[in-house]
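The primary structure of each chain is shown beneath.
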There are 2 protein chains.
Amino acid sequence: MYTIGQVSEMFSLPVSTLRYYDKEGLFPDMERKSGIRQFSEKEVDALRVIECLKASGLEIREIKQFMQWCSEGPSTFEKRRQLFANRKAALEEELAQLNKTMDMLKYKCWYYEQALKNGSEEPILALLPDHLPEEIQKLYDNCHK
Amino acid sequence: MYTIGQVSEMFSLPVSTLRYYDKEGLFPDMERKSGIRQFSEKEVDALRVIECLKASGLEIREIKQFMQWCSEGPSTFEKRRQLFANRKAALEEELAQLNKTMDMLKYKCWYYEQALKNGSEEPILALLPDHLPEEIQKLYDNCHK
DNA sequence: GCTTGACCTGAAGTCAGCTTTAGGTTCTAA
DNA sequence: TTAGAACCTAAAGCTGACTTCAGGTCAAGC
């Protein structure tokens with residue numbers, strides 16, 4: 001059993017955030033002793049999942065839904081599986097988009113390195129839209145389509 | 001030259017968002033004709049960069065700074081290069097984190113497939129923390145460290 | 001018994017990034 | 001020339017995820 005302060009330390013999360021999560025229903029079965037929250041292994045595990053779901057883009061109220069499914073037992077396995085499958089698909093999408101963004105950033109890094117070397121953007125702009133060096137052209141095409 | 005409505009169509013962005021960007025200083029040199037905004041190729045290009053910088057996690061006021069550097073000419077090449085280099089490093093970090101999140105999602109997908117097959121979580125929990133099937137163990141380790 | 005630090009609550013405040021509202025102006029086509 | 005679509009502004013409103021505040025309770029050591 002942990003106090004809210006100990007859990008705050010473990011996860012580097014402010015105590016106020018943990019209380020907020022609790023108020024939002026993210027720890028549906030957490031116990032209390034004379035008003036004071038008792039975080040068990042169960043809540044600590046839940047918090048790990050919460051961090052993951054948050055990182056995958058889920059909103060608090062959807063995480064609450066998931067936590068409620070968890071405390072309803074095996075009848076909600078399919079719903080939970082669906083949730084993770086949907087999150088996985090959404091994150092794959094997002095990663096693909098971020099990789100495009102990354103190519104734009106790489107292109108722009110190259111662009112400004114050249115601009116600094118030349119003291120001007122003109123010589124680079126003259127190569128657009130399809131006479132850039134091969135590697136750079138790939139980046140440019142990938143993020144301009 | 002484009003009207004705000006045409007640009008809104010081109011980028012699938014609400015007109016109100018374009019006006020908001022303008023108010024925030026993201027188009028520092030945009031012209032007007034009797035009060036009406038004239039989007040030139042320059043502003044359209046700017047908007048492409050804005051979308052990229054936003055996707056990379058930059059805030060509006062930082063994008064404004066960048067746009068101002070752009071209209072100050074070659075003396076700011078180095079600052080602009082730095083900006084993109086920093087963004088690239090930050091996005092690499094973020095991608096690494098998201099890949100961990102992805103491993104957690106994959107693990108959870110597997111977990112609930114098994115739970116559904118077995119009708120219970122117990123047989124899986126018995127394999128923790130290091131007797132999972134090889135491929136799954138990798139995912140589990142990668143997101144629990 | 002008393003102090004002090006960690007806990008508790010409900011309500012209000014904050015922040016970014018828009019969106020909506022209300023009221024007005026300008027352009028376009030019949 | 002006039003209707004109506006598309007433009008304009010300033011200001012207020014919204015949303016999600018917290019954070020801060022004011023005021024109170026609990027527990028451990030002296």
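The rules we used
Residues numbered from 1 in each chain as written. Chains lettered and ligands numbered in written order. Predicted model: local features only at pLDDT ≥ 70, side-chain atom pairs only at ≥ 80, totals over all residues. Heavy atoms only, no water. Near = heavy atom within 4 Å. Polar contact = N/O pair within 3.5 Å; in protein donor to acceptor, adjacent residues only side chain to side chain. Helix = DSSP H or I, 4+ residues; strand = E, 2+ residues; numbered from the N terminus. Nonpolar A, V, L, I, M, F, W, Y, C, P; charged D, E, K, R; others polar. Least-squares fit on C-alpha atoms with pLDDT ≥ 70 in both. Contact = heavy atoms within 4.5 Å. Axes fitted to C-alpha atoms, helices over the stretch in contact; angles between N-to-C directions. Parallel < 35°, antiparallel > 145°, perpendicular 65-115°, else oblique.

**A word on the protein's contact with DNA strand D**
(1) Moving on: The immediate surroundings of DNA strand D are formed by 18 residues, with T17 of chain A together with G5, R19, R32 and R37 of chain B found nearest.
(2) Moving on: Per the 4 Å cut-off to the protein, sugar and phosphate atoms form 80% of the nearby atoms of DNA strand D.
(3) Moving on: R32 of chain B places a polar side-chain atom, nitrogen or oxygen, 2.9 Å from a phosphate oxygen of DNA strand D.
(4) Moving on: Looking at the surface near DNA strand D, the elements that each hand over two or more residues are α2 (15-23) and α4 (60-72) of chain A together with α1 (4-11) and β2 (36-38) of chain B.
(5) Moving on: The residue inventory of the surface near DNA strand D, partitioned by class, reads six nonpolar, six polar and six charged.

**Here's the deal with the relation of the copies chain B and chain A**
(1) Moving on: Relative to chain A, chain B is turned by 180 degrees and slid 0.0 Å along the rotation axis, the superposed coordinates differing by an RMSD of 0.0 Å. Classification of the inter-copy transformation places it as that of a two-fold axis. Every residue of chain B has its C-alpha some distance from the rotation axis, and the shortest such distance is that of L95 of chain B, at 3.7 Å.
(2) Moving on: Most of the interface of chain B is mirrored in chain A: 97% of its interface residues are interface residues there too.

**A closer look at the packing of α1 of chain B against helix α2 (residues 15-23) of chain B**
All names here are of chain B.
(1) Moving on: Put simply, α1 and α2 touch, their axes get as near as 9 Å, and they point 110 degrees apart. Relative to α2, α1 is oriented roughly perpendicular. Contacts between α1 and α2 involve I4, G5, V7 and S8 on the former and, on the latter, V15, L18 and R19.
(2) Moving on: The residue inventory of the contact of α1 with α2, partitioned by class, reads four nonpolar, two polar and one charged.

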